[in-house]
Amino acid sequence: MTAIQKMKSTPMAPYIGLMQSMTREEKRIVVTFLTESMEEPKPKRQVPAAFKKLRGMVNITEEDIAKDEHLAYIMGR
């Protein structure tokens, strides 16, 4: 079964003629979009419960950050 025959059974069927008339560059753009849209989302980092308890317990001011380059680096993440 050819790719066109397979596409006829998808929601993209109405666009077959349009895609056949596209330039190579336009087709590359579409393929890039499709490839990126199929990527699996990266899992979010899990925050340990012990750290979650610490939320809101520290108040860091802009002045504190300006005084400490390590803190400035951490807060810049």
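In what follows, the structure referred to is the one given above.
Reading guide: rules and limits
- Residues numbered from 1 in each chain as written.
- Predicted model: local features only at pLDDT ≥ 70, side-chain atom pairs only at ≥ 80, totals over all residues.
- Heavy atoms only, no water.
- Helix = DSSP H or I, 4+ residues; strand = E, 2+ residues; numbered from the N terminus.
- Rg over C-alpha atoms; globule rule 2.2 N^0.38 Å.
- Buried < 20%, exposed > 50% of the residue type's maximum accessible area, 1.4 Å probe, protein only.
- Areas by Shrake-Rupley, 256 points an atom, 1.4 Å probe, with all protein chains shown as cover.
- Lys, Arg positive; Asp, Glu negative; His and termini not counted.
- Charge placed at Lys NZ, Arg CZ, Asp CG, Glu CD.
- Salt bridge = Lys/Arg side-chain N within 4 Å of Asp/Glu carboxyl O.

Observations regarding the overall build of the protein
Counting secondary structure elements, the protein contains 6 helices and 0 strands. Secondary structure of the protein in N-to-C order comes out as α-α-α-α-α-α. Here the C-alpha radius of gyration of the protein, 25 Å, is well above what a compact globule of 77 residues would show, namely 11 Å. Split into buried and exposed, the 77 residues of the protein put 5% on the buried side. Summed over all atoms, the accessible surface of the protein reaches about 7,800 Å², with 60% contributed by carbon and sulfur. Between the mean site of the 13 positive side-chain charges and the mean site of the 10 negative ones, the protein shows a separation of 12 Å.

A look at the pattern of salt bridges
Enumeration over the complete set of coordinates arrives at 2 salt bridges. Here E25 ties to R28 by a salt bridge, and the two come within 3.4 Å at their closest N and O atoms. Residue E25 and its partner R28 are located together in helix α3 (residues 24–37), separated by 3 residues, close to a single helical turn. For R28, a relative accessible area of 46% puts it in the partly exposed group. A salt bridge links K67 to E63; the nearest nitrogen and oxygen atoms lie 3.4 Å apart. You can see K67 and its partner E63 sitting in helix α5 (residues 62–67), 4 residues apart, about one turn around the helix. The exposed category is assigned to E63, whose relative accessible area is 53%.

Thoughts on the environment of K44
As for its placement among the helices and strands, K44 is situated in the loop between α3 and α4 (49–54). Between the C-alpha atom of K44 and that of I74, which follows or precedes it by 30 residues, the distance is 19 Å.

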